[in-house]
Amino acid sequence: MATHILFLGLVALTCSLAIAFEPSPLQDFCVADTGSSARVNGLTCKDPKLAQADDFFFSGLHVTGNTSNPVGSKVTPVTAAQIAGLNTLGISMVRLDYAPWGINPPHTHPRATEILTVLEGSLHVGFVTSNPDNRLITKVLQKGDVFVIPVGLVHFQRNVGYGNAVAIAALSSQNPGVITIANAVFGSNPPISAEVLAKAFQVDKSVVDWVQSKF
């Protein structure tokens, strides 16, 4: 009897906690207080009475990104770090510029699904499904085309035109995060053991040493 009562009590407690959980914002907005030292899942809110139009504003996506780098691309983010009013709203965006044949190298967004729209040029885009299939789903996009990358999956873009390309992407998080595969694997600090990587990639250790030297 006592066990039965204890079980019912645990069920009731679990249900009450589930009902109390509210994943959506409980106020109109939560403009980030960038001066606060409090550590929370996101950013602390400043007094809503102090909110101004500039807290919800960003200017700069009309500016062409500098693609003079080894991969030939530039990402201009618009997250809660750039627009304080995005805090808790669960959305952000980026502008992506590509030099001819430039790439946005394989990477993941651990906290966001991405929807990408090509504004200029032609992009070869794709993502890889999770283990064990590791299936590549890929397509060449033209101006005005849209492509969705599911949350957490490795994906990439490559400019396959002879001119510059531009895209805009929306992401389902105020802070989607980004893990560039090559940088994370070969450029971690401190570095992953070359012996581990040599066995993982089935290559000689000297190959790993050479690749790590690039990062």
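Since the structure is predicted, the reported quantities are computational estimates derived from the model, not experimental observations.

Sorry, what's going on with the overall build of the chain here?
Regarding its fold elements, the chain presents four helices and 10 strands. When its helices and strands are written in sequence order, the chain yields α-β-β-β-β-β-β-β-β-β-β-α-α-α. Here the chain holds 215 residues, and 32% of them are scored as buried. For the chain, the proportion of contacts with a sequence separation of at least 24, taken over those separated by at least 6, is 69%. For the chain, the accessible area works out to roughly 13500 Å², and carbon and sulfur atoms hold 62% of it.

Is there a simple way to think about the pattern of salt bridges in this case?
When their charged atoms lie close together, side chains carrying opposite charge are able to pair. With the rule as written, the count across this model stands at four salt bridges. Of the charged contacts, one joins Glu-120 and Lys-143 as a salt bridge, the two residues approaching to 3.4 Å between their closest N and O atoms. With Glu-120 in strand E4 (residues 114-120) and Lys-143 in the loop between strand E6 (136-141) and strand E7 (146-149), the pair connects residues that are 23 residues apart, well separated along the chain. Residue Glu-120 is classed as partly exposed on the basis of its relative accessible area, which comes to 38%. Looking at Lys-143, the relative accessible area reads 55%, which means it is exposed. Note that Asp-209 and Lys-205 form a salt bridge whose closest N and O atoms lie 2.9 Å from each other. Residue Asp-209 and its partner Lys-205 are both found in helix H4 (residues 205-212); the two are separated by four residues, about one turn of the helix. The class for Lys-205 is partly exposed, based on a relative accessible area of 35%.

What exactly am I supposed to notice about the sheet that holds strand E1 (residues 73-78) here?
Taken together, the five strands give an open sheet; going across it, the order is E1-E2-E9-E4-E7, and neighbouring strands pair in antiparallel fashion. Either end of the sheet is taken by a strand with one partner, and the two such strands are E1 and E7. This sheet shows a mean twist of 20° between the axes of neighbouring strands, independent of strand direction. Relative to strand E9 (residues 165-171), strand E2 (residues 92-98) is paired through seven bridges, and the arrangement is antiparallel. Counterpart to Leu-96 in the pairing with E9 is Ala-167.

What's the story with the pairing of strand E5 (residues 123-128) in this structure? I'm lost.
Look at any regular strand and the pattern is simple: side chains alternate between the two faces of the sheet. Bridge count between E5 and E6: six bridges; the pairing is antiparallel. Counterpart to Gly-126 in the pairing with E6 is Thr-138. Looking at chain direction, E5 and strand E8 (residues 154-159) are connected through six bridges and run antiparallel. Across the sheet, the residue bridging to Leu-123 is Asn-159, located in E8.

Would you mind showing me how to read the packing of aromatic side chains here?
Applying the stated rule across the entire model yields five aromatic pairs. Measuring from centroid to centroid gives 5.3 Å for Phe-29 and Phe-56, while their planes differ by 80°, and the two rings are edge-to-face. Pair noted here: Phe-29 is in the loop between helix H1 (2-20) and E1 and Phe-56 is in the loop between H1 and E1, with a separation of 27 residues, a long-range link. An aromatic cluster of at least three residues, connected via ring pairs, comprises Phe-186, Phe-201 and Phe-215.

Can you walk me through the nonpolar core in this structure?
Generally speaking, nonpolar side chains in soluble globular proteins are found buried as a group. Counting residues in each nonpolar core, the largest one holds 17 residues, and the members touching the most others are Leu-96, Tyr-98, Leu-116, Leu-123, Leu-141, Phe-147 and Ala-167. Not counting residues within four places of it along the chain, the set of residues in contact with Leu-123 comprises Tyr-98, Leu-116, Val-118, Lys-139, Val-140, Leu-141, Arg-158, Asn-159, Val-160, Ala-165 and Ala-167. Core analysis: the second largest hydrophobic core is formed by six residues, Phe-186, Leu-197, Ala-198 and Val-211 among them.

What am I meant to see in the side chain of Thr-108 here?
You can see Thr-108 is positioned in strand E3 (residues 103-108). Setting aside residues no more than four positions away along its own chain, Thr-108 makes contact with Gly-152, Leu-153, Val-154, His-155, Gly-177, Val-178, Ile-179 and Ile-181.

How should I be thinking about the sheet that holds E5 in this particular structure?
One key point about sheets: their strands pair by backbone hydrogen bonds, in either a parallel or an antiparallel sense. If you walk across this open sheet you meet the five strands as E6-E5-E8-E3-E10, and the pairing is antiparallel. The open sheet has two free edges, formed respectively by E6 and strand E10 (179-180), since each of these has just one partner strand. Two strands pair when backbone bridges link them, and E3 and E10 are joined in this way by two bridges, in the antiparallel orientation. Within the sheet, the bridge partner assigned to His-107 lies in E10 and is Thr-180.

Rules and cut-offs
Residues numbered from 1 in each chain as written. Predicted model: local features only at pLDDT ≥ 70, side-chain atom pairs only at ≥ 80, totals over all residues. Heavy atoms only, no water. Helix = DSSP H or I, 4+ residues; strand = E, 2+ residues; numbered from the N terminus. Buried < 20%, exposed > 50% of the residue type's maximum accessible area, 1.4 Å probe, protein only. Contact = heavy atoms within 4.5 Å. Areas by Shrake-Rupley, 256 points an atom, 1.4 Å probe, with all protein chains shown as cover. Salt bridge = Lys/Arg side-chain N within 4 Å of Asp/Glu carboxyl O. Pairing = 2+ DSSP bridges. Axes fitted to C-alpha atoms, helices over the stretch in contact; angles between N-to-C directions. Phe/Tyr/Trp six-rings, centres within 6.5 Å; stacked < 30°, edge-to-face > 60°. Core = buried A, V, L, I, M, F, W, Y, C linked by side-chain atoms within 4.5 Å.

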